[in-house]
Amino acid sequence: ENVNQVHRTGYHFQPPRHWINDPNAPMYYKGLYHLFYQYNPKGAVWGNIVWAHSVSKDLINWESLEPAIYPSKWFDNYGCWSGSATVLPNGEPVIFYTGIVDKNNSQIQNYAIPANLSDPYLREWVKPDDNPIVNPDANVNGSAFRDPTTAWWADGHWRILIGSRRKHRGVAYLYRSKDFKKWVKAKHPLHSVQGTGMWECPDFYPVSLSGENGLDPSVMGQNVKHVLKVSLDMTRYEYYTMGTYDKKEDKYFPDEGLVDGWAGLRLDYGNFYASKTFFDPSTNRRILWGWANESDDPHKDKDKGWAGIQLIPRKVWLDPSGKQLLQWPVAELEKLRGHNVQLSNQMLDQGNHVEVKVITAAQADVDVTFSFSSLDKAEPFDPNWDKLDALDVCAQKGSKDPGGLGPFGLLTLASENLEEFTPVFFRVFKAADKHKVLLCSDARSSSLGKELYKPSFAGFVDVDLTDKKLSLRSLIDHSVVESFGAGGRIAISSRVYPTIAVFEKAHLYVFNNGSEAITVENLNAWSMNTPVMNVPVKS
Ligand code: DQQ
């Protein structure tokens, strides 16, 4: 058993077996969080897609129900693909999803409603016979037309987006409805960008300009900015912009200075795809879910009998600068914290690594603040790197190549003699006009295993260094390291498959390979307990 299960996660969301992908229609209803997700009930590869269904009181402990939506009608016989929930003003939820109608993956949009609104578990969903709600018209590419969003309301109309492409242009088509039944395509898409390819799983929502509270999707006005996120199937990366939603023209205009395309802002610079947010009215938060695929050889997925996890749900809100989003694992996760170890004022000279002992390092939560006394030793930033992806800069510099200010950070899922380790670290560079801070989660040294995808995931984080501190939080869970830099200004998730550094053979270290001495001002590490994970609801 253990041989196959060695890389299963302890506290990240997954069903007992088989393939999972996109989180679908997350919502809060009558005291329960509902999460649906793309699921293959027959195996550990993508296919036979249904909507699996789980519920939770706290976003951490999950119980499973029977699949909610599965092929059964002419309008979804070949698959039930991704979609979203809208909770109507009267409190009733409606799901929109993409139905596959033939072998060529022709796509239409359907709706489903609860069979019994008084059941807080929403066990049974009905797909009325007046489906579909949206057929692709003659101008739309019917095999690239999917993933309806949550609806929002403005000026007498409901609106939804549907992801698509026209040739190489990524498109978010806009549909309007007065009665939530008859949907009419708007003349113009809400937004589209040349050269980005298919826009999967668009997500469009307001964020508050003042404070961390989330907003209902229909909130507009002075105190609000909008976020548009899309998933690009050509690169398997997502990007987002913030901007203005002009409801008169029904168009979205990204803010000046933001990049609308491949090199734009990302919710996560690692393995994170098909993400979706929802508004949680019980806590006034907006919560983000993302899927992390395996980076293992698909044959191994079959051997281990499962593939894919959902990352820890994150609260998401607008940075006071207005220039990016901030994210943080939901506070409920902290309930799983068990044994705690602390370090404070620990000096790290160049070449030092210090073990953080007596926690279960394969299943842990670590929160650390590093400080340094000067920025003077920061290495020069090579202007050629501006043309590179951060991941390539990380590949050039790595965690071992001695630097000035950094590399310093954590060695996660490390074997005792460091044959294997996943370093998560900062490197600070001095560019012409400012410092550039790279956060890297480098899987290249993560495993001696063969045929793994081991990318040097990285991103640059826009952070004020005047207090000469950088913080890092990493959620370590057997085959995933999910990291948040500088208080949630950047996130990077990596899937890794150590062969030696497993269970009690996994270790955690803090390290510094830069010439500037680093102080671990304060470090807290916790062993993480295992929650209830998709045990069937007792009927
Ligand atoms: N996965 C779904 C699609 C979506 C894609 C199919 C994104 O609806 O576009 O499983 O991962």
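The model shown is predicted, which means the values in this text are computed figures rather than measured ones.

Enquirer: Would you mind going over the overall build of the protein chain with me for this structure?
Expert: Regarding its fold elements, the protein chain presents three helices and 38 strands. What you see for the protein chain is a C-alpha radius of gyration of 23 Å, in line with the 24 Å of a compact globule of 539 residues. Oriented by its inertia axes, the alpha-carbon framework of the protein chain measures out at about 70 × 55 × 40 Å. A separation threshold of at least 6 residues defines the contact pool for the protein chain, and within that pool the share at least 24 residues apart is 63%.

Enquirer: Just checking my understanding: could you explain the site of the ligand for this structure?
Expert: Taken together, 14 residues sit near the ligand, with Gln-38, Trp-81, Ser-82, Glu-200 and Ala-274 positioned nearest. Elements that contribute at least two residues to the shell around the ligand include exactly β1 (18-29), β5 (80-87), β15 (199-208) and β19 (273-280). The residue inventory of the shell around the ligand, partitioned by class, reads five nonpolar, five polar and four charged.

Enquirer: What is the right way to look at the domain arrangement of the protein chain in this model?
Expert: A common measure of how large an interface is: the accessible area buried when the components associate. Segmenting the protein chain into domains produces domain 1 (17-329) and domain 2 (333-529). Using only C-alpha atoms to locate each centre, domain 1 and domain 2 end up separated by 31 Å. Tallying the contact residues gives 22 residues for domain 1 and 25 residues for domain 2. For the side of domain 1 that touches domain 2, the element with the highest residue contribution is strand β24 (residues 325-329), accounting for four residues. Grouping the amino acids of the side of domain 1 that touches domain 2 by side-chain chemistry returns 11 nonpolar, five polar and six charged.

Enquirer: Please explain the sheet that holds strand β2 (residues 32-40) as it appears in this structure.
Expert: Picture the strands of a sheet paired through backbone hydrogen bonds; they go either parallel or antiparallel. Taken in spatial order, the six strands of this open sheet run β21-β1-β2-β3-β4-β38, and their pairing is mixed. Looking at which strands have only one partner, the edges of the open sheet turn out to be β21 (306-307) and β38 (533-536). By the bridge criterion, four bridges tie strand β3 (residues 50-56) to strand β4 (residues 62-69) in an arrangement that is antiparallel. Each bridged residue has a counterpart across the sheet, and for His-53 the counterpart in β4 is Leu-65.

Enquirer: What exactly am I supposed to notice about the sheet that holds strand β34 (residues 480-485) here?
Expert: The six strands are arranged β25-β37-β27-β33-β34-β35 in an open sheet whose pairing can be described as antiparallel. Edge positions in the sheet fall to β25 (337-348) and β35 (490-495), since each has one partner strand and no second. Recorded for the sheet is a direction-independent mean angle of 15 degrees between the axes of neighbouring strands. Note: β34 against β35, six bridges, orientation antiparallel. Looking at β35, one finds that Glu-482 is bridged to Ser-493.

Enquirer: Sorry if this is basic, but what is going on with the nonpolar core here?
Expert: In globular proteins that are soluble, nonpolar side chains generally tend to be buried together. In terms of nonpolar packing, the biggest core is built from 150 residues, with Ile-69, Ile-95, Leu-413, Leu-438, Leu-439 and Ala-458 touching the most fellow members. Each of domain 1 (17-329) and domain 2 (333-529) contributes no fewer than three residues to this core.

Enquirer: Sorry, what's going on with the pairing of strand β23 (residues 314-318) here?
Expert: The side chains of a regular strand alternate, residue by residue, between the two faces of the sheet. Taken across its five residues, β23 has four buried, putting it largely inside the fold. Bridging between strand β20 (residues 285-292) and β23 involves two bridges; their strand directions are antiparallel. Along β23, the bridge assignment pairs Leu-288 with Arg-314. Two strands pair when backbone bridges link them, and β23 and β24 are joined in this way by five bridges, in the antiparallel orientation. Looking across to β24, one finds that Val-316 is bridged to Gln-327.

Enquirer: Hey, could you run me through the UniProt feature "domain: Glycosyl hydrolase family 32 C-terminal" (unreviewed entry) in the protein chain in this one?
Expert: Listed under "domain: Glycosyl hydrolase family 32 C-terminal" (unreviewed entry) in the UniProt record, and renumbered for this structure, are residues 332-527. Between the end C-alpha atoms of residues 332-527 the distance is 15 Å, and the span holds 4% helix and 49% strand.

Enquirer: How do you make sense of unusual backbone geometry when you look at a structure like this?
Expert: Outside of glycine, negative phi angles account for most residues, and trans bonds account for most peptide bonds. Residue Pro-132 follows Asn-131 across a cis peptide bond; omega there is 0 degrees. With respect to the element layout, Pro-132 can be found in the loop between β8 (125-126) and β9 (145-146). For the peptide bond that leads from Gly-406 to Pro-407, omega is 5 degrees, which places it in the cis range. Located in the positive-phi region is Phe-180, a residue other than glycine, with phi close to 70 degrees. Looking at the secondary structure, you find Phe-180 in the loop between β12 (169-177) and β13 (184-185). Judged by the 15 C-beta atoms lying within 10 Å of it, Phe-180 falls in the partly exposed class. For Ala-274, which is not glycine, the phi torsion reads 55 degrees and is therefore positive. Mapped onto the secondary structure, Ala-274 falls in strand β19.

Enquirer: Would you mind going over the UniProt feature "domain: Glycosyl hydrolase family 32 N-terminal" (unreviewed entry) in the protein chain with me for this structure?
Expert: Under the feature "domain: Glycosyl hydrolase family 32 N-terminal" (unreviewed entry), the UniProt entry names residues 12-329. End C-alpha to end C-alpha, residues 12-329 measures 12 Å, and it is 2% helix and 48% strand.

Enquirer: Explain helix α3 (residues 390-397) here, please?
Expert: Along an α-helix, residues three or four positions apart point the same way, because every turn accommodates 3.6 residues. Of all the residues in α3, the buried ones are Ala-390, Val-393, Cys-394 and Lys-397. Angularly, the buried residues of α3 cover 100 degrees about the axis, an arc narrow enough to put them on a single face. Here the buried face of α3 lies against β30 (422-430), β31 (435-442) and β32 (456-461). One or two positions beyond α3, positive phi appears at Gly-398, with a value near 60 degrees.

Enquirer: Teacher, can you tell me more about the pairing of β15 here?
Expert: Among the 10 residues of β15, nine are classified as buried, and the element is accordingly described as predominantly covered. Sheet topology note: the β15/strand β16 (residues 224-232) ladder contains eight bridges and is antiparallel. Bridged to Glu-200 within β16 is Ser-231.

Enquirer: Looking at this structure, I do not really get the environment of Glu-420. What am I missing?
Expert: One can find Glu-420 in the loop between β29 (405-414) and β30. Here Glu-420 falls in the buried class, since 25 other C-beta atoms lie within 10 Å of it. Separated by 78 residues in the primary sequence, Glu-420 and Pro-498 place their C-alpha atoms 6.7 Å from one another. In contact with Glu-420, other than residues within four places in its own chain, are Ala-414, Ser-415, Ser-445, Ser-446, Ser-447, Leu-448, Pro-498, Thr-499, Ile-500 and Ala-501.

Definitions and limits used
- Residues numbered from 1 in each chain as written.
- Predicted model: local features only at pLDDT ≥ 70, side-chain atom pairs only at ≥ 80, totals over all residues.
- Helix = DSSP H or I, 4+ residues; strand = E, 2+ residues; numbered from the N terminus.
- Rg over C-alpha atoms; globule rule 2.2 N^0.38 Å.
- Contact = placed C-beta atoms within 7 Å.
- Near = placed C-beta within 6 Å.
- Nonpolar A, V, L, I, M, F, W, Y, C, P; charged D, E, K, R; others polar.
- Domains from an automatic or database assignment.
- Pairing = 2+ DSSP bridges.
- Axes fitted to C-alpha atoms, helices over the stretch in contact; angles between N-to-C directions.
- Core = buried A, V, L, I, M, F, W, Y, C linked by C-beta atoms within 7 Å.
- Buried ≥ 20, exposed ≤ 12 C-beta atoms within 10 Å, placed from the backbone.
- UniProt positions renumbered as here; feature names shortened; annotations may be inferred.
- Arc of directions from axis to C-beta.

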